[in-house]
Amino acid sequence: MLMPAAVLIVLLLGAIAVDLTVVHLRQRAAISAAGSAANDAVTYGLDEAALRRGVGYRLDPARVARAVAQSIESQGLTDDLVGPPEITETDPGAVTVVLRVRARYIFARALPHGPTQTTVTARSTASVEQR
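What counts and what doesn't
Residues numbered from 1 in each chain as written. Predicted model: local features only at pLDDT ≥ 70, side-chain atom pairs only at ≥ 80, totals over all residues. Heavy atoms only, no water. Helix = DSSP H or I, 4+ residues; strand = E, 2+ residues; numbered from the N terminus. Rg over C-alpha atoms; globule rule 2.2 N^0.38 Å. Buried < 20%, exposed > 50% of the residue type's maximum accessible area, 1.4 Å probe, protein only. Contact = heavy atoms within 4.5 Å. Areas by Shrake-Rupley, 256 points an atom, 1.4 Å probe, with all protein chains shown as cover. Core = buried A, V, L, I, M, F, W, Y, C linked by side-chain atoms within 4.5 Å. Pairing = 2+ DSSP bridges. Axes fitted to C-alpha atoms, helices over the stretch in contact; angles between N-to-C directions. Salt bridge = Lys/Arg side-chain N within 4 Å of Asp/Glu carboxyl O. Left-handed = near helix turned anticlockwise from the far one by under 90°. Nonpolar A, V, L, I, M, F, W, Y, C, P; charged D, E, K, R; others polar.

Enquirer: How would you sum up the overall build of the protein? Please name residues and give values.
Expert: Broken down by element type, the protein carries three helices and three strands. In summary, the protein has a C-alpha radius of gyration of 21 Å against a globular reference of 14 Å for 131 residues, an excess of more than 25%. Across the 131 residues of the protein, 29% fall into the buried class. Long-range pairs, those at least 24 residues apart, make up 53% of the contacts in the protein with a sequence separation of at least 6. For the protein, the computed accessible surface area is about 8,500 Å², with 58% contributed by carbon and sulfur atoms.

Enquirer: Tell me about the nonpolar core, residues and numbers included.
Expert: Among the nonpolar cores identified, the biggest contains 26 residues, and V64, V68, I72, V95, V97, L99 and V101 are the most heavily contacted of them. Of all the secondary-structure elements, those providing two or more residues to this core are α1 (2–44), α3 (61–74), β2 (94–104) and β3 (117–127). It is α1 that contributes the most residues to this core, eight residues altogether. Those residues within four positions of V97 in sequence are excluded, and the remaining contacts are A34, A37, A38, V68, E86, A122, R123 and S124.

Enquirer: If you had to explain the sheet that holds β3 to someone new, which residues and values would you point to?
Expert: Across the sheet, three strands lie side by side as β1-β2-β3; this open sheet has antiparallel pairing. Both edges of this open sheet fall to β1 (86–91) and β3, since each of them pairs with a single strand only. Neighbouring strand axes in the sheet, compared pairwise and without regard to direction, differ in orientation by 20° on average. Here β1 pairs with β2 via five bridges, running antiparallel. Counted as the bridge partner of I87 is V97 from β2. This element, α1, spans β2 and β3 of the sheet and lies at about 155° to β2.

Enquirer: Please provide a residue-by-residue account of the pattern of salt bridges, values included.
Expert: Any two side chains of opposite charge can pair, on the condition that their charged atoms come close. Overall, the coordinates contain four salt bridges when judged by the stated rule. Residues D80 and R26 are paired through a salt bridge, measuring 2.0 Å at the closest nitrogen-oxygen approach. Taken together, the positions of D80 in the loop between α3 and β1 and R26 in helix α1 put the pair 54 residues apart, joining distant regions of the chain. By relative accessible area, D80 is classed as buried at 13%. Residue classification places R26 among the partly exposed residues on the basis of a relative accessible area of 21%. One salt bridge in this structure joins R100 and E86, with 2.6 Å as the shortest N-O distance. With a gap of 14 residues between them, R100 in strand β2 and E86 in strand β1 connect regions that are remote in the sequence. Through salt bridges with shared partners, a single network forms among R26, D80 and R104.

Enquirer: An account of the packing of α1 against α3 is requested, with residue identities and associated values reported.
Expert: Here α1 crosses α3 at 145°, and the two axes come no closer than 8 Å. Here α1 and α3 pass one another in a crossing that is right-handed. On the side of α1, the interface is formed by A33, S36, A37, D40, A41 and Y44, while α3 contributes R63, V64, A67, V68, S71 and I72. Its residues assigned to classes, the contact of α1 with α3 comprises eight nonpolar, two polar and two charged.

Below is the structure:
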C-alpha cells in the first residue's frame, strides 16, 4: 500500500523539479539575450554623425531599437516575448534592456486548472567606457 504512494510522490517531485528547471533555463536564456541586446545597443547604436561632428559619443534611438530587435531575433526569443523589450538610456553611453519572456511548463499543464506558463524577467545594462 505504501509503495504505490511512494512512487507517486517521487514522480510528482520529479515533475516539479523538471518544470522549475525549465523556468530557470528560460530565465538564463532571457538574461543572456538581454545582456547581448544591451551590448549590441551601445555598440551598433552609435550616432556616427554626432561623433564626426565632434559632439562625442551619442546613441541614436532608432539604431539602438533596431540593434536590440535584431539581437533578440537572432537568439530566437522574439515569439516568446510577453511584450516589446523595454529600452532605457540611463546615461549618454549606457543602455538598459528589460525582457519579459514566457516559460511554458511541461508537467503542470497536465493538472486540472494548473498553470500552463509563467513569465520570467531579465534586465541587463551595458555602458561604454570612453577614454
